[in-house]
Structure formats: structure tokens, C-alpha cells
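A closer look at the structure
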Amino acid sequence: MLKIKFSHNYEKLREAGRRAILIAAIPYRIDDSTPKEFLRYDTQYAIGYYQLNPGDYVLLLFLGDFGLFTTIRPRKGRYGDKLEYYTAHIGEEFEIVIKEEE
């Protein structure tokens, strides 16, 4: 099974459970016009917010055990274009791994 890793136990993951199906992968740009409410939703964890810098990202939409949630990942990674990677896995189930819990 594919895995998606999170550095923290984000508030949004309450809607997830331990497995989730990838519904969509969308190119997304973070800049001054990005809604601050959305960034707070997507980056909030127990002791703060994860910092996302301006740039190109991939917005992922998942269906977890208790509802929908998103996550934002940098567009380019060590292994290439993450938009291409995640688009190829739409409809597949991912195991949710939280680094803090390992």
C-alpha cells in the first residue's frame, strides 16, 4: 500500500483515520493572494503552524474514514514532479503515517 507521511499530527487529520483514498491532485500556487484561512486549516498542529513558503505546490484531496481533508506538498521533489506522481495514484488508498508517532 502507498504511504503518505506527515511531519506532525495536524488538526485536519482528525478527518482521516489511518487510511485515505486520493480523490484529486491539483496544481496550486501559494502567494500573497492565497487565503490565510486555508493555510491555517492545512498547516495547524498542536503547537503551531507548519510554514509554507511562496511557490508551486500540489494540493491533494483525500477521503478519510471521517470525511474529506487536504494536504499541500511542494510541486518538485527529489524524485521529480509530484503532480505527475499523485495524479497517477488517484483512486488509490494511502496509509497515513505521522512522523511524531513513530
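Relevant structure appears above.
The paragraphs below set out a description of the structure included in this document. Predicted model only: the values in this text are computed from it and were never measured. (Residues numbered from 1 in each chain as written. Predicted model: local features only at pLDDT ≥ 70, side-chain atom pairs only at ≥ 80, totals over all residues. Heavy atoms only, no water.)

Moving on to the sheet that holds strand S9 (residues 93-98). In space, the five strands of this open sheet follow the order S1-S9-S2-S5-S6, with mixed pairing throughout. Both outer strands of the open sheet, strand S1 (2-6) and strand S6 (67-74), are each paired with one neighbouring strand and no more. Put simply, the sheet's adjacent strands are angled 40° from each other on average, direction ignored. Relative to strand S5 (residues 55-64), strand S2 (residues 19-30) is paired through 10 bridges, and the arrangement is antiparallel. (Pairing = 2+ DSSP bridges. Helix = DSSP H or I, 4+ residues; strand = E, 2+ residues; numbered from the N terminus. Axes fitted to C-alpha atoms, helices over the stretch in contact; angles between N-to-C directions.)

Okay, the nonpolar core next. In this structure, Ile-4, Leu-60, Phe-62, Phe-69 and Ile-96 are the most contacted members of the largest nonpolar core, which totals 18 residues. Looking at this core, the elements with two or more residues in it are S1, S2, S5, helix H2 (82-87) and S9. Ignoring any residue separated from it by four or fewer positions in sequence, one finds Phe-62 in contact with Ile-4, Ala-20, Ile-21, Leu-22, Ile-23, Gly-67, Leu-68, Phe-69, Thr-71 and Phe-94. By size, the runner-up hydrophobic cluster in this structure holds seven residues, among which are Ile-30, Phe-38, Leu-52 and Ile-72. (Core = buried A, V, L, I, M, F, W, Y, C linked by side-chain atoms within 4.5 Å. Buried < 20%, exposed > 50% of the residue type's maximum accessible area, 1.4 Å probe, protein only. Contact = heavy atoms within 4.5 Å.)

Our next topic: the pairing of S9. Examined bridge by bridge, S1 and S9 share five bridges and lie parallel to one another. By the bridge assignment for S9, Leu-2 is matched with Phe-94. In this sheet, S9 lies alongside S2 in antiparallel orientation, the contact comprising three bridges. The partner of Arg-19 across the bridge, within S9, is Glu-95.

Further remarks concern the pattern of salt bridges. By the definition in use, this model includes six salt bridges. When the shortest N-O distance is used, the salt bridge between Asp-42 and Lys-12 registers 3.1 Å. In this pair, Asp-42 sits in helix H1 (residues 36-43) while Lys-12 sits in the loop between S1 and S2, placing the two residues 30 residues apart along the sequence. Lys-12 carries the same exposure label as Asp-42, and that label is buried. Two residues, Arg-29 and Asp-56, come together in a salt bridge whose shortest N-O distance is 3.1 Å. Here Asp-56 lies in strand S5 and Arg-29 lies in strand S2, a separation of 27 residues in the sequence. Each of Arg-75, Lys-76 and Asp-81 takes part in one network of salt bridges that share partners. (Salt bridge = Lys/Arg side-chain N within 4 Å of Asp/Glu carboxyl O.)

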